[in-house]
Amino acid sequence: MANPNVLNPHPPEFDRFLYASVGEDRNGYVVTVLSTLARLGLDPWKETAELVALGRDAARARLGTLLTRFPDVPTLESDHGRVAGDLSQLLPESPPSQTLKRAASTVADGRLGKSGVIWTILAIVFLLYQVMSTVGSGSGP
């Protein structure tokens, strides 16, 4: 039977936290936790799994430290503690062991597996087909 998490191998319990806003950047765009962690050079799902494993208070402290290192959102400079506190409330309380196993295997492997490779190749082929169709239809008599 096919794995139902092939297209989204990350724990859905992390979504509420990862897609939450940390504030607006200097251009007025909303920046999410996912974007913040990625811009800091961290794997967002691995970092979230580690925050959950720490517990709420330690996660809030760690998140506050991470947010102080993120200069793209000006309000974080003075308000990182409150934002970290609010965001830590969005972390799952104690994720089921299956969630942690899935998060750990995704992070540890660093790859999607055979089916992920197949979907990636199909997406590239589809994209190339679209580009070739557009280029081909643009040349006329």
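Our structure is the block above this text.
Below is a short write-up of the structure.

1. Regarding the pattern of salt bridges
- For the coordinates displayed, the defined rule picks out 6 salt bridges.
- Linking arginine 60 and aspartate 57 is a salt bridge whose minimum nitrogen-to-oxygen distance equals 2.9 Å. Placement of both arginine 60 and aspartate 57 in helix 4 (residues 56-68) is noted, with a separation of 3 residues, approximately one turn of the helix.
- Given a relative accessible area of 32%, arginine 60 falls into the partly exposed group.
- When its relative accessible area of 55% is taken as the criterion, aspartate 57 is described as exposed.
- Connected via shared salt-bridge partners are Asp79, Arg82 and Asp86.

2. A look at the environment of glutamate 13
- Position of glutamate 13 among the secondary structure elements: in the segment before helix 1 (15-18).
- You can call glutamate 13 partly exposed: its relative accessible area is 32%.
- Each C-alpha atom of the pair glutamate 13 and glutamate 93 lies 9.9 Å from the other, and the pair is 80 residues apart in sequence.

3. Points about the pairing of strand 1 (residues 21-24)
- As paired elements, strand 1 and strand 2 (residues 30-32) share 3 bridges and run antiparallel to each other. Residue pairing for strand 2: serine 21 is matched across the bridge by threonine 32.
- Where strand 1 hands over to strand 2, the hairpin turn is made up of 5 residues, of which glycine 28 adopts a positive phi near 90°.

4. What to know about the packing of helix 3 (residues 44-54) against helix 4
- Viewed as axis vectors pointing N to C, helix 3 and helix 4 meet at an angle of 140°, and their least axial separation amounts to 7 Å. Overall, the two elements helix 3 and helix 4 adopt an arrangement that is oblique. The residues of helix 4 that touch helix 3, namely those facing Glu47, Leu51 and Leu54, are Ala58, Ala59, Arg62, Leu63 and Leu66.
- In the contact of helix 3 with helix 4, the residues fall into 6 nonpolar, no polar and 2 charged.

What counts as what
- Residues numbered from 1 in each chain as written.
- Predicted model: local features only at pLDDT ≥ 70, side-chain atom pairs only at ≥ 80, totals over all residues.
- Heavy atoms only, no water.
- Salt bridge = Lys/Arg side-chain N within 4 Å of Asp/Glu carboxyl O.
- Helix = DSSP H or I, 4+ residues; strand = E, 2+ residues; numbered from the N terminus.
- Buried < 20%, exposed > 50% of the residue type's maximum accessible area, 1.4 Å probe, protein only.
- Pairing = 2+ DSSP bridges.
- Axes fitted to C-alpha atoms, helices over the stretch in contact; angles between N-to-C directions.
- Parallel < 35°, antiparallel > 145°, perpendicular 65-115°, else oblique.
- Contact = heavy atoms within 4.5 Å.
- Nonpolar A, V, L, I, M, F, W, Y, C, P; charged D, E, K, R; others polar.

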